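Coordinate inspection notes
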Amino acid sequence: MKNDTVHAITLGVIKYGDTSLISACYTLEHGLQSYILKGVLSKGSKKISKSLFEPLNLLELQASKNPNNRLGYIKEAKLYSIYKSIPFDLGKKSLLFFLAEVLHQVFREEQASNPPLYHFIEKNLLWLDTQNDLGLFHIKMMLDLTKFIGFYPNTNNKEAPYFDLGSGCMSFVKPKAPFLKDPLKRYLTQILGTAFDKIGDIKLLKQEKMELLSQVITYFELHLQQFKPPKSTVILNEIFKTH
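Now for a look at the structure at hand. Computed from a prediction, not measured in an experiment: that's the story for all the values here.

Definitions and limits used
Residues numbered from 1 in each chain as written. Predicted model: local features only at pLDDT ≥ 70, side-chain atom pairs only at ≥ 80, totals over all residues. Heavy atoms only, no water. Helix = DSSP H or I, 4+ residues; strand = E, 2+ residues; numbered from the N terminus. Rg over C-alpha atoms; globule rule 2.2 N^0.38 Å. Contact = heavy atoms within 4.5 Å. Salt bridge = Lys/Arg side-chain N within 4 Å of Asp/Glu carboxyl O. Buried < 20%, exposed > 50% of the residue type's maximum accessible area, 1.4 Å probe, protein only. Pairing = 2+ DSSP bridges. Core = buried A, V, L, I, M, F, W, Y, C linked by side-chain atoms within 4.5 Å. Axes fitted to C-alpha atoms, helices over the stretch in contact; angles between N-to-C directions. Parallel < 35°, antiparallel > 145°, perpendicular 65-115°, else oblique. Left-handed = near helix turned anticlockwise from the far one by under 90°. Nonpolar A, V, L, I, M, F, W, Y, C, P; charged D, E, K, R; others polar.

**Some details on the overall build of the protein chain**
- On a plain count of helices and strands, the protein chain comes out with six helices and eight strands.
- The linear arrangement of helices and strands in the protein chain, starting from the amino end, is β-β-β-β-β-α-α-α-β-β-β-α-α-α.
- Radius of gyration (C-alpha) of the protein chain: 19 Å, near the 18 Å computed for a compact globule of 243 residues.
- Counting only C-alpha atoms, the protein chain reaches 60 × 40 × 30 Å along its principal axes.

**A short note on the environment of lysine 78**
- In this structure, lysine 78 sits in strand S5 (residues 71-81).
- Residues lysine 78 and alanine 112 lie 34 residues apart in sequence; the distance between their C-alpha atoms is 23 Å.
- Sequence-distant contacts of lysine 78, defined by excluding residues within four places in its chain, comprise Leu52, Leu58, Leu59 and Glu60.

**So, the pattern of salt bridges**
- Using the criterion set out here, one finds two salt bridges in the structure.
- In this structure, glutamate 60 and lysine 78 form a salt bridge, with 3.8 Å as the shortest nitrogen-oxygen distance. Of this pair, glutamate 60 sits in strand S4 (residues 58-63) while lysine 78 is found in strand S5, placing the two residues 18 residues apart along the sequence.
- Residue classification places glutamate 60 among the partly exposed residues on the basis of a relative accessible area of 22%.
- Lysine 140 serves as the salt-bridge partner of aspartate 144, at 3.2 Å between the closest nitrogen and oxygen. Here the residue aspartate 144 and the residue lysine 140 both occupy positions in helix H3 (residues 137-149), the gap between them amounting to four residues, near one helical turn.

**So, the sheet that holds strand S6 (residues 162-164)**
- One open sheet holds the three strands; their spatial order is S7-S6-S8, and the pairing between them is antiparallel. The sheet is open, and its two borders are formed by strand S7 (169-171) and strand S8 (179-180), each paired with just one other strand.

**A short note on the nonpolar core**
- Leu56, Phe107, Ile121, Leu145, Leu212 and Phe220 are the most contacted members of the largest nonpolar core, which has 58 residues in total.
- For this core, the secondary structure elements donating two or more residues are strand S1 (4-16), strand S2 (20-27), helix H1 (90-109), helix H2 (115-129), H3, helix H4 (184-192) and helix H5 (206-223).
- Here this core takes nine residues from H1, the largest share from any one element.
- The residues contacting phenylalanine 107, other than those within four sequence positions of it, are Leu11, Tyr26, Leu32, Leu117 and Ile121.

**What to know about the packing of H2 against H3**
- Where H2 contacts H3, the axes come no closer than 10 Å and their chain directions differ by 165°. By the angle between their axes, H2 is roughly antiparallel relative to H3. The interaxial crossing formed by H2 with H3 has right-handed handedness. Residues Pro116, Leu117, Phe120, Ile121, Asn124, Trp127 and Leu128 of H2 lie in contact with H3, whose contacting residues are Phe137, Met141, Asp144, Leu145 and Phe148.
- Looking at side-chain class alone, the contact of H2 with H3 contains ten nonpolar, one polar and one charged residues.

Laid out in structure tokens, this is it:
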């Protein structure tokens, strides 16, 4: 089977047998792919290091693509962009675990190759690596992600008192479905209208930040059929109480 150069964002691993792992990756060339890492857990293994497959690492692989989209095989793997701060920052690492859960669920429904989406994620991960203030990065990332998957919030009629999470639109009539009102509605529109490098200018109380994240997760549940709240949300919120 032919090996090709593949650029990949790692999403997570599961154990396979006693000595192997299966890694899910979102690739520039093929979209969502799963690869078997044979013998990577063996004692003294000099094969590919499992540490390369930490959540949301940016890898260059020499790998096969199974024509039936089952399991591919990786011959070689290396980091093509090396994070300078993320591996040593508990807040950033927790953020990446959370986003990896979100992205993996999104890619299960959006499996095909999508280069603009791949480059959006890559660019913002590299930007995060240079920042000190984590702020609202995770919420901004989730909201901007919806541009690529078809349910970006419609914030026309900003003067309307409600944002209907079910329709994704502002509403002058109080919705029956889950909705936002001020101040969370105002924060939502501010975040959507602010570039990543200015997101730190938007200040929320810690409780407001957690509530807004909960509502954005609800928004994803309403618009992605198989989406479930990420298990790492609780841990992320605990860490963000100090940020």
